[in-house]
Amino acid sequence: MRSYEAYGFVNTKAMYERALAGHYAVPGYNFNTLEQVQAIVQACIDTCSPVLLQYFVLPEEQLHPALVLGLVRGAAEMAAGRIDVAFHLDHGSSFEQCKACIDGGYSSVMIDGSQLPHADNVAMTREVVSYAHDRGVTVEGELGGIAGRETADGPMEEHYTKPDEVEDFVAATGVDSLAVSVGTVHGASKNLAKPGQTPPPLRLDILEEVKRRLPGLPVVLHGASAIPQEHVRAVNAHGGSLTRAVGIPDDQIRAAIAINVCKVNIHSDTQIAMTGAVRTHLVACPGDFDPRTYLDSARKVLVALYSDKNRRVLGSAGKASTVPP
Ligand SMILES: [Zn+2]
């Protein structure tokens, strides 16, 4: 048995095949805390949605890898027989890191060589794919730079994915899915236009061209949070200061999903919602010093947010069949 199967995870192959055929996207929810993990799994069970539990390893690691695995194994146990759960490395930075994660129980890894020269990105991604596929683990690659973390200042056009590179990259590397740059942005401020200017819409034409060239390729959107303003207001009304926090409109995400986007990464929305809930609780109950109560307030807000995403934006609600397509 593959190591991740022993823990109750699945890879993304069948998940994405069903999503492509059904024109919906599987959520890629990043987590950092126990409350987030519990809320993600609860919401996905409630809405009968498959899910990728995603972890991004910071250089200054905060959680011990054994604790991360323990959290996610617990999630898979909660979900057993009800929904499919993949354990996914977000933005893997080297072959060594991906290998350690594959050996440690991840069922899916992203190798992000998008900031390397193209030939180096191809070589590193191919090495990860070879190691991963021998062990039944699926791999997400990236072409183009997603703003907010990966790109220097300058015209965004330079960083968009070039469709004519996609065919060669996929053929040369064997990746199972591909993250593309079409105008989404990592972080809470997704409007890169000057104050007062309207941000440009997502470059759906790039997605159309990728689909035309590779109709069976599952495409992934990063930096796709909507940044709901009620949660921004909850932060700012209770002592916070989030400025220029704007996201990608839901209708644009839905339009992208119709063009072979099979997974949508959501992180900033949940961070802001959690922060807003904790701030609101602590201001309303200044004598409360018990993390169980204020983190429970956050968990309830998160369950509602994840459920809403699955039902209203991603279309993944009701798609958690564990039967092969
Ligand atoms: Zn990302």
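Residues numbered from 1 in each chain as written. Predicted model: local features only at pLDDT ≥ 70, side-chain atom pairs only at ≥ 80, totals over all residues.

Engineer: Which parts of the structure should I look at to understand unusual backbone geometry?
Structural biologist: Peptide bonds are trans in most cases, and residues, glycine excluded, mostly fall at negative phi. The phi angle at Cys 48 is positive, at roughly 55 degrees, despite the residue not being glycine. With a phi close to 75 degrees, Asn 260 is a non-glycine residue in the positive phi region. With respect to the secondary-structure elements, Asn 260 resides in the loop between helix 10 (250-257) and strand 8 (261-266). (Helix = DSSP H or I, 4+ residues; strand = E, 2+ residues; numbered from the N terminus.)

Engineer: Is there a simple way to think about the sheet that holds strand 8 in this case?
Structural biologist: Strand pairing in a sheet relies on backbone hydrogen bonds. The paired strands run either parallel or antiparallel. Strand order in the closed barrel formed by eight strands is 1-2-3-4-5-6-7-8, and the pairing between neighbours is parallel. Taken pair by pair, the neighbouring strands of this sheet meet at an average axis angle of 25 degrees, ignoring direction. With three bridges joining them, strand 3 (residues 85-92) and strand 4 (residues 108-111) adopt parallel strand pairing. By the bridge assignment, Leu 89 is partnered in strand 4 with Val 109. With respect to the sheet, helix 4 (residues 65-79) is in contact with strand 2 (51-56) and strand 3, its orientation differing from that of strand 3 by roughly 150 degrees. Packing against the sheet, helix 12 (residues 291-314) makes contact with strand 1 (26-30) and strand 8, and its axis sits at approximately 150 degrees to strand 1. (Pairing = 2+ DSSP bridges. Axes fitted to C-alpha atoms, helices over the stretch in contact; angles between N-to-C directions. Contact = placed C-beta atoms within 7 Å.)

Engineer: I keep staring at the packing of helix 5 (residues 95-103) against helix 6 (residues 118-133) and nothing clicks. Help me out?
Structural biologist: Angle between the axes and distance between the axes are the two parameters that describe a pair of packed helices. Two elements in contact, helix 5 and helix 6, have axes separated by 10 Å at closest approach and are oriented at 15 degrees. As summarised for this structure, helix 5 and helix 6 are arranged roughly parallel, according to the angle between their axes. Crossing geometry of helix 5 relative to helix 6 is assigned as right-handed. Mapping the contact onto sequence places Phe 95, Cys 98, Lys 99 and Ile 102 in helix 5 and Met 124, Glu 127, Val 128, Tyr 131 and Ala 132 in helix 6. Its residues assigned to classes, the contact of helix 5 with helix 6 comprises seven nonpolar, no polar and two charged. (Parallel < 35°, antiparallel > 145°, perpendicular 65-115°, else oblique. Left-handed = near helix turned anticlockwise from the far one by under 90°. Nonpolar A, V, L, I, M, F, W, Y, C, P; charged D, E, K, R; others polar.)

Engineer: Would you mind going over the nonpolar core with me for this structure?
Structural biologist: Across soluble globular proteins, nonpolar side chains show a tendency to be buried alongside one another. Core analysis: the biggest nonpolar cluster contains 94 residues, and Ile 40, Leu 53, Val 85, Val 109 and Leu 178 have the highest contact counts within it. Here this core gets eight residues from one element, more than from any other, and that element is helix 12. When sequence neighbours within four positions are dropped, the list of residues in contact with Ile 40 reads Tyr 29, Phe 31, Val 51, Leu 53 and Tyr 306. (Core = buried A, V, L, I, M, F, W, Y, C linked by C-beta atoms within 7 Å. Buried ≥ 20, exposed ≤ 12 C-beta atoms within 10 Å, placed from the backbone.)

Engineer: Honestly, helix 8 (residues 204-213) in this entry has me stumped. Any pointers?
Structural biologist: Looking at helix 8, one finds that the buried residues are Ile 206, Leu 207 and Val 210. An end-on view of helix 8 places all buried positions within 100 degrees of arc, on one side of the element. In helix 8, the exposed positions that point more than 90 degrees away from the buried face belong to Asp 205 and Arg 212. (Arc of directions from axis to C-beta.)

Engineer: Whenever I open this one, the environment of Val 283 confuses me. Can you help?
Structural biologist: Along the polypeptide, Val 283 turns up in helix 11 (residues 268-284). Here Val 283 falls in the exposed class, since 12 other C-beta atoms lie within 10 Å of it. Sequence separation between Val 283 and Val 72 is 211 residues; the distance between their C-alpha atoms is 32 Å. Not counting residues within four places of it along the chain, the set of residues in contact with Val 283 comprises His 238 and Gly 239.

Engineer: Mind showing me how you'd approach the pairing of strand 1 here?
Structural biologist: Successive residues of a regular strand alternate their side chains across the two faces of the sheet. Counting buried residues along strand 1, five of its five residues qualify, which places the element largely inside the surrounding structure. Side-chain alternation along strand 1 places Val 26, Gly 28 and Asn 30 on one buried face and Pro 27 and Tyr 29 on a second face that is also buried. Where strand 1 and strand 8 come together, four bridges link them in parallel fashion. Bridge pairing in strand 8 places Gly 28 opposite Asn 265. The sheet contact formed by strand 1 and strand 2 spans three bridges and is parallel. Its bridge partner lying in strand 2, Asn 30 is registered against Gln 54. Once the chain exits strand 1 it traverses helix 3 (residues 34-46) before rejoining the sheet at strand 2, and the crossover so formed is right-handed. (Right-handed = clockwise from strand over helix to strand, strands pointing away.)

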